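The chain contents come next:
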Amino acid sequence: MHFDNSYARLPEHFTAAALPTPVAAPQFIAFNRPLADELGLDLDGVDDVRLAAIFSGNIVPPGAEPLAMAYAGHQFGNFVPKLGDGRAILLGEVIDITGKRRDIQLKGAGPTRFSRRGDGRAALGPVLREYIVSEAMHALGIPATRALAAVATGDRVQRETGLPGGVVTRVAASHIRVGTFQFFAAREDNEAIKVLADYVIDRHYPEAKQAEKPYLAMLQAIAARQRDLVCRWMMVGFIHGVMNTDNVAISGETIDFGPCAFMDEYNPNKVFSSIDAQGRYAYNSQPGIAQWNIARLAECLLPLLDEDAEKAVELANGVLAEFASEFPKRWLSGMREKLGLSTQDDADEQLVQDLLALMQRNDVDFTLTFRRLCDAADGSTEAFRCMFTDLAGADEWLAHWRQRTWRESATESDRASAMRAVNPAIIPRNHRVEEVIAAAVEDGDFEPFHAMVRATARPFDEVPEFGVYMQAPMGHERVFRTFCGT
């Protein structure tokens, strides 16, 4: 690995040195060779034993400068002024084959200065969940951190019970968060905020340098990426589960996959996280929470937006207003794609809402509804109709949809192909993820994990080999709660 560690060169109070804590008996589980090639990592001839040692933290590769990043955050609306990487250690940065700078981080590699009485470790289950879901998100075309490797440590970690430990190697455009800005704002360290903002512009938003107000342009760009990211989540029924400001990446990538889940049956108020008792991060609440998180970032940036405090607030409010006005447009555009519509009609939003209401009343599967609608676009409506107990309601909606599609020029075949390119057949279904974790943790069997990784890498393909991953859960298989990795 050839490291170029720009974040380590920032002022010392941005980070804390943090060497990984060695583990007892690292066992290699998975290595993402295509991602390694994309990163330009020269690991040819390195056997699994050495790879396990590197990606467990037992060997620190030359050029790495291991550190924990400082940040704060609003957790379920409550501000915590000092969080930081408590169980993740940034090895360093590499420049990938396209010239982009990427972080390489070990998650579960031991305690840091920010661990707050934690052990700094990760249980094997959350490691496998992060690997599966982050790579599935990438395959779905949704910006997300990537999984480079997964290793079992041979150690036990103590949660409610003793569990086998693991380390996942996470790759990101960066690990800078809204909470990173909040860390310095809480200390009224405006100089550090400016240093961080300049760094973010250089690394992620260089076009902002040309703007009349570069920091405003940066805020606008971050808000736009978050808006588009959450919209993409909603198109595939994804619920992040813990949209705290310390889990909002400035780069616009999905980060942290603890209590996340994909909806099975459609319910706009669906919550999975075991700690989200109030439904703060429910499926339909995600756009509003994203806007709220951007507001917290804007508060940190006010001193940079304008010397006049009132003018700075006005500029920040303008960004938030644009977020609120643009999100429904982006959402409707995405839903049009899912319905195979390439033009705009004033009645489209009602058509979408009518379908969603029908889905909710009939307790039907979100993913399969849209996938079976692709078949209906090809002229075969039976699989779609059979999902609904209210056949008359399904037929009525199909008739309205058909009338709408007839006003466009696309052939049935072209429409169906376009729809199949945006409506996945395979998602990391909660009950399948739980089966994978149980097989690995209870039986030491990783073949279900590898099979699911292969299946979710091809989310838009319907092939017999992966048919089981398309199936919605039976009633007794449904997962109602997911848990944070800690």
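The rules behind the values
Residues numbered from 1 in each chain as written. Predicted model: local features only at pLDDT ≥ 70, side-chain atom pairs only at ≥ 80, totals over all residues. Heavy atoms only, no water. Disulfide = S-S within 2.5 Å. Pairing = 2+ DSSP bridges. Helix = DSSP H or I, 4+ residues; strand = E, 2+ residues; numbered from the N terminus. Expected span 1.5 Å × (residues − 1). Buried < 20%, exposed > 50% of the residue type's maximum accessible area, 1.4 Å probe, protein only. Axes fitted to C-alpha atoms, helices over the stretch in contact; angles between N-to-C directions. Parallel < 35°, antiparallel > 145°, perpendicular 65-115°, else oblique. Left-handed = near helix turned anticlockwise from the far one by under 90°. Contact = heavy atoms within 4.5 Å. Nonpolar A, V, L, I, M, F, W, Y, C, P; charged D, E, K, R; others polar. Phe/Tyr/Trp six-rings, centres within 6.5 Å; stacked < 30°, edge-to-face > 60°. Lys NZ or Arg CZ within 6 Å of the ring centre and 35° of its normal. Core = buried A, V, L, I, M, F, W, Y, C linked by side-chain atoms within 4.5 Å. Domains from an automatic or database assignment. UniProt positions renumbered as here; feature names shortened; annotations may be inferred. Buried area = accessible area lost by both parts, 1.4 Å probe. Salt bridge = Lys/Arg side-chain N within 4 Å of Asp/Glu carboxyl O. Polar contact = N/O pair within 3.5 Å; in protein donor to acceptor, adjacent residues only side chain to side chain.

What follows covers the state of the cysteines. For the coordinates displayed, the defined rule picks out zero disulfides. Take Cys374: it sits in no disulfide, and the sulfur closest to it among the cysteines is that of Cys386, at 17 Å.

Here strand 2 (residues 27-31) runs beside strand 9 (residues 146-158); their pairing, made up of four bridges, is antiparallel. Bridge pairing links Gln27 to Ala152 in strand 9. Sheet topology note: the strand 9/strand 10 (residues 162-172) ladder contains nine bridges and is antiparallel. Paired with Gln158 across the two strands is Gly162, which belongs to strand 10.

Here we come to helix 5 (residues 190-204). Under the 1.5 Å per step criterion, the end-to-end length of helix 5 is 20 Å for 15 residues, consistent within 8% with the ideal 21 Å. Taken residue by residue, helix 5 has Ala192, Ile193, Leu196, Ala197, Tyr199, Val200, Ile201, Arg203 and His204 as its buried positions.

For any two helices packed against each other, one specifies the crossing angle of their axes together with the interaxial distance. Two elements in contact, helix 6 (residues 214-235) and helix 8 (residues 309-338), have axes separated by 9 Å at closest approach and are oriented at 30°. The orientation of helix 6 with respect to helix 8, classified from their angle, is roughly parallel. Note on packing geometry: the crossing formed by helix 6 with helix 8 is right-handed. Counted together, Leu216, Leu219, Gln220, Ala223, Gln226, Arg227, Asp228, Val230, Cys231, Met234 and Met235 of helix 6 and Leu315, Val319, Phe323, Glu326, Phe327, Arg330, Trp331, Gly334, Met335 and Lys338 of helix 8 form the full contact between these two elements. In the contact of helix 6 with helix 8, the residues fall into 13 nonpolar, three polar and five charged.

The next subject is the packing of helix 9 (residues 348-362) against helix 12 (residues 391-405). Closest axis-to-axis distance for the helix 9/helix 12 pair is 11 Å, and the angle between their directions is 155°. In this view, helix 9 runs roughly antiparallel relative to helix 12, as classed from their interaxial angle. In this structure, helix 9 crosses over helix 12, and the sense of that crossing is left-handed. Contact residues: Asp348, Leu351, Asp354, Leu355 and Leu358 in helix 9; Gly393, Ala394, Trp397, His400, Trp401 and Arg404 in helix 12. Per-class residue counts for the contact of helix 9 with helix 12 are six nonpolar, two polar and three charged.

Counted under the stated rule, the structure contains 19 aromatic pairs. Joined through ring pairs, the aromatic side chains of Tyr7, Phe14, Phe183, Phe184 and Tyr199 make up one cluster. One cation-aromatic arrangement involves Arg177 over Tyr71; the distance from NZ or CZ to the ring centre is 4.4 Å. The residue whose ring lies beneath Arg187 is Phe183, and the NZ or CZ to ring-centre distance is 3.7 Å.

Turning our eyes to something else, we now look at the nonpolar core. Of all hydrophobic cores here, the largest spans 128 residues; its most connected members are Phe55, Phe181, Leu339, Trp397 and Trp401. The greatest single-element share of this core, amounting to 14 residues, is contributed by helix 6. Both domains that meet at this core, namely domain 1 (6-175) and domain 2 (179-336), each give it at least three residues. Apart from residues lying up to four places away in sequence, Trp397 is in contact with Leu339, Leu351, Asp354, Leu355, Leu358, Leu373 and Phe384. With 27 residues, the next largest nonpolar core counts Leu368, Phe446, Met452 and Tyr469 among its residues.

Looking now at the UniProt feature "binding site: ATP" (unreviewed entry) in the protein. Following the UniProt record, one finds the feature "binding site: ATP" (unreviewed entry) at Gly84, Gly86, Arg87, Lys107, Asp119, Gly120, Arg170, Arg177 and Asp256. Judged by maximum C-alpha separation, these annotated positions cover 173 residues in sequence and are scattered in space, the widest gap reaching 22.6 Å. Examined against the element boundaries, Gly86 turns out to sit in the loop between strand 5 (78-80) and strand 6 (88-95). Accessibility expressed as a relative area gives 18% for Gly86, which makes it buried. Mapped onto the elements, Gly120 comes out in the loop between strand 7 (101-107) and strand 8 (122-123).

Right, let's talk about the side chain of Arg336 for a bit. When you line up the elements, Arg336 lands in helix 8. Since its relative accessible area comes to 11%, Arg336 is described here as buried. Apart from residues lying up to four places away in sequence, Arg336 is in contact with Leu341, Thr343, Gln344, Asp345 and Asp348.

Turning to unusual backbone geometry, a few remarks are in order. In this structure, Phe76 is a non-glycine residue whose phi angle is positive, near 55°. Along the chain, Phe76 turns up in the loop between strand 4 (73-75) and strand 5. Phe76 sits in the partly exposed class, given a relative accessible area of 25%. With a phi close to 55°, Asp363 is a non-glycine residue in the positive phi region. Relative accessible area serves as the criterion here: at 41%, Asp363 is assigned to the partly exposed category.

Segmentation of the protein into domains returns domain 1 (6-175) and domain 2 (179-336). One C-alpha centre belongs to domain 1, the other to domain 2, and the line joining them spans 23 Å. In this assembly, 39 residues from domain 1 lie in contact with 40 residues from domain 2. Summing the contributions of domain 1 and of domain 2, the shared interface buries around 3,200 Å²; its carbon and sulfur component is 65%. Note that Arg203 is salt-bridged to Asp103, the shortest N-O span being 2.7 Å. Taken together, domain 1 and domain 2 are joined by 16 residue pairs in polar contact (both at pLDDT 80 or more). Put simply, the parts of the chain that give the side of domain 1 that touches domain 2 at least two residues each are strand 4, strand 7, helix 3 (124-139) and strand 10. In terms of residue count, helix 3 provides more of the side of domain 1 that touches domain 2 than any other element does, five residues in total.

With seven of eight residues buried, strand 6 lies mostly within the body of the structure. Judged from the seven bridges that link them, strand 6 and strand 7 form a sheet pairing that is antiparallel. Following the sheet pairing, Ile89 is matched in strand 7 by Leu106. Connecting strand 6 to the next strand, strand 7, in antiparallel fashion are five residues, including Gly99 with a positive phi near 90°.

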